Amino acid sequence: MMIGSVSLGIPQEPKVESVEVQLKITGQIYEGLQERIEFSICRVGEKILLSQPLSLLRQNRQTLKSAIYNVFSKVLAGFRIETIDIELQEHTRIQMQLVPEGPFITKVNLKTHFVDISPESAPLFRDTIIKTEEELERIFKGLPTAALPWAESIINMVTQYLVERDFPGFRPMLALQGKSGGIVEFYLQLVPKGQLVKDVRVNYSSMTIPVQMIRSKLGVDPADLDILTGMPVEYLVHYQRDIENYLLTIFDGIPSLRKIGLDADLRLKPDEETEVLVTVNSEHWRTNIETRFFFGDQDYHYIQAYVGYSLKDYEVYTKVFAGEHPSDHVKVGLKIPISTNFYGGFEYQLENHLKNIGLYYQFERGDYLHLRFGLDESPDEAVIGIRINDHFNLEVVHYDRDLGLQFMFHLW
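Residues numbered from 1 in each chain as written. Predicted model: local features only at pLDDT ≥ 70, side-chain atom pairs only at ≥ 80, totals over all residues. Heavy atoms only, no water.

*Asks:* Got a minute to help me understand the overall build of the protein chain in this structure?
*Replies:* Secondary structure summary: the protein chain contains nine helices and 19 strands in total. For the protein chain, the C-alpha radius of gyration of 38 Å lies well beyond 22 Å, the compact-globule estimate for 412 residues. With respect to the principal axes defined by its C-alpha atoms, the protein chain has extents near 125 × 80 × 35 Å. Within the protein chain, contacts between residues at least 6 apart in sequence are counted, and of these 49% link residues at least 24 apart. Here the protein chain displays about 23200 Å² of accessible surface, and carbon together with sulfur accounts for 54% of that area. Across the protein chain, 41 positive and 57 negative side-chain charges occur, with their mean positions spaced 8 Å apart. (Helix = DSSP H or I, 4+ residues; strand = E, 2+ residues; numbered from the N terminus. Rg over C-alpha atoms; globule rule 2.2 N^0.38 Å. Contact = heavy atoms within 4.5 Å. Areas by Shrake-Rupley, 256 points an atom, 1.4 Å probe, with all protein chains shown as cover. Lys, Arg positive; Asp, Glu negative; His and termini not counted. Charge placed at Lys NZ, Arg CZ, Asp CG, Glu CD.)

What follows is the structure in structure tokens.
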């Protein structure tokens, strides 16, 4: 005889499995702060409600609402709980509406201190400080001042993000102080980190006038550039063009250069050894002196002086040669722009009356291609130039059936 046993299934009483919070706040406050409040309410709700039998919770609904109300009435200083409701289900929902209570933040003052940075560098940070201050005020304006103590962590997090975005290369340390009239002062200490500028040097260049003229006219005091020493290289890279524009304003000679038709530009090469490259060029005149050494079937070297005058649609010029150049010693010519970095031209040799037409193209890196087609008995010439640095080029030259290498040095 077999005795079978039957297992009776007794249904388990439903319990709370999850908690969701729906929070409404009258007016507008920073979204991140609302998320922080929702998170706090949810954590408290989970501690009270999770795994609790629904029947027991429903029997004590009013007591439960009062407990949550009492907890957050004390915690959420600066806000009044207008309504609170709890939908008791397996997936429970807490609904709460808050009303901010004054006084409110009406203005944010950002006071900054840069550690180990020259006080004279303040103009390099002015616009960034103003932008960060305006952003902080936009975020926290309208927040109850009573909420500052418990909201300080979220305020620190937001400020940390803004500083890392607006002040790359600095580590922030923040303190808050509320004042009467809804004014909050942010005391921000910024400590340089990472790669820092140890030295600054100035180099001058020009494609149109002698460098010695630039040095005498600009009147740059190297001490003026000490404002860059100690700065994070990352900050210089981030605000490079703004800093370049500011440095141009501290060079006393620039207004006088512009009066005589010269235009100045400045570029930074941020690094531990930062280079300030000052370039001054004439709006109309083009002058340079170059020396070349040609190595082919027939070796020779020569010096070329170039003087050109440029207008909007063309440039007229004269070339004077001294040395062993196989062509005429004096040439006059005309260059006409075809497109960006691309020119066409005509050249005439005064002594032997030979003529040629030319095409000239310069690549962005500084390399170039020159083609000259002889008219009458004038020889053809093709030049491929490779820029090595500001003073030295290597050229491959085909001139009158002679192919060779040519070294070219810019004397200015």
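Moving on from the coordinates now.
*Asks:* What am I meant to see in the packing of aromatic side chains here?
*Replies:* Centre-to-centre distance and the angle between the planes together describe a pair of aromatic rings. Here the structure, examined in full by the defined rule, presents 22 aromatic pairs. Each ring, one from Phe125 and one from Phe170, has its centre 5.9 Å from the other, and the planes form 75 degrees; the classification is edge-to-face. On the criterion of sequence distance, the pair formed by Phe125 in the loop between β4 (107-114) and α4 (126-140) and Phe170 in strand β5 (residues 170-179) is long-range, its members being 45 residues apart. Comparing Phe125 with Phe170 shows no difference in burial state: the two are buried. Centre to centre, the rings of Trp285 and Tyr309 are 4.8 Å apart; their planes meet at 70 degrees, and the pair counts as edge-to-face. Taken as a pair, Trp285 in strand β10 (residues 285-295) and Tyr309 in strand β11 (residues 300-310) lie far apart in primary sequence, 24 residues in all. With a relative accessible area of 45%, Trp285 lands in the partly exposed category. Here the aromatic cluster, defined as three or more aromatic residues joined through ring pairs, consists of Phe114, Phe125, Phe167, Phe170, Tyr235 and Tyr239. Across the ring face of Tyr343, the terminal group of Lys335 is positioned such that the distance to the ring centre comes to 4.9 Å. (Phe/Tyr/Trp six-rings, centres within 6.5 Å; stacked < 30°, edge-to-face > 60°. Buried < 20%, exposed > 50% of the residue type's maximum accessible area, 1.4 Å probe, protein only. Lys NZ or Arg CZ within 6 Å of the ring centre and 35° of its normal.)

*Asks:* So what exactly am I meant to see when it comes to the sheet that holds strand β1 (residues 18-25) here?
*Replies:* The strands making up a sheet are joined through hydrogen bonds of the backbone, oriented either antiparallel or parallel. With mixed pairing, three strands are arranged side by side in an open sheet as β1-β3-β2. Every interior strand has two partners, whereas the edge strands, β1 and β2 (79-87), have only one. Ignoring which end each strand starts from, the neighbouring axes of this sheet average 20 degrees apart. (Pairing = 2+ DSSP bridges. Axes fitted to C-alpha atoms, helices over the stretch in contact; angles between N-to-C directions.)

*Asks:* Whenever I open this one, the pattern of salt bridges confuses me. Can you help?
*Replies:* If you walk through the whole model with that rule in mind, you get 21 salt bridges. Between Arg292 and Glu395 there is a salt bridge, with the nearest N and O atoms lying 3.3 Å from each other. With Arg292 in strand β10 and Glu395 in strand β18 (residues 392-399), the pair connects residues that are 103 residues apart, well separated along the chain. A relative accessible area of 1% means that Glu395 is categorised as buried. Measuring nitrogen to oxygen at the nearest pair gives 3.2 Å for the salt bridge that ties Arg372 to Glu381. (Salt bridge = Lys/Arg side-chain N within 4 Å of Asp/Glu carboxyl O.)

*Asks:* Got a minute to help me understand the pairing of strand β8 (residues 262-269) in this structure?
*Replies:* Two faces belong to every sheet, and in a regular strand the side chains alternate between them. With burial as the criterion, only one face of β8 is covered, namely that bearing Leu262, Ala264, Leu266 and Leu268; the residues Asp263, Asp265, Arg267 and Lys269 on the opposite face remain uncovered. Relative to strand β9 (residues 273-282), β8 runs antiparallel, the two being bridged by eight bridges. The partner of Leu262 across the bridge, within β9, is Ser282. Connecting the antiparallel pair β8 and β9 is a turn made up of three residues.

*Asks:* Can you help me understand the packing of helix α1 (residues 31-49) against helix α3 (residues 61-75) in this one?
*Replies:* Relative orientation and spacing of two packed helices are given, respectively, by the angle between their axes and the distance between those axes. Running from amino to carboxyl end, α1 crosses α3 at an angle of 140 degrees, the nearest separation of the two axes being 11 Å. Classified by the angle between their axes, α1 and α3 sit oblique to one another. Considering the relative orientation of α1 and α3, their crossing is right-handed. Listed contacts from α3 to Ser40, Ile41, Val44, Ile48 and Leu49 of α1 are Leu64, Ile68 and Phe72. Looking at side-chain class alone, the contact of α1 with α3 contains seven nonpolar, one polar and no charged residues. (Parallel < 35°, antiparallel > 145°, perpendicular 65-115°, else oblique. Left-handed = near helix turned anticlockwise from the far one by under 90°. Nonpolar A, V, L, I, M, F, W, Y, C, P; charged D, E, K, R; others polar.)

*Asks:* Which parts of the structure should I look at to understand the pairing of β10?
*Replies:* Sheet analysis places β10 next to β11, joined by 10 bridges and oriented antiparallel. Looking at β11, one finds that Ile289 is bridged to Ala305. Taking the residues between adjacent antiparallel strands as the criterion, β10 and β11 are bridged by four residues. Across six bridges, the pairing between β10 and strand β19 (residues 402-410) is antiparallel. Across the sheet, Glu290 pairs through a bridge with His410, a residue of β19.

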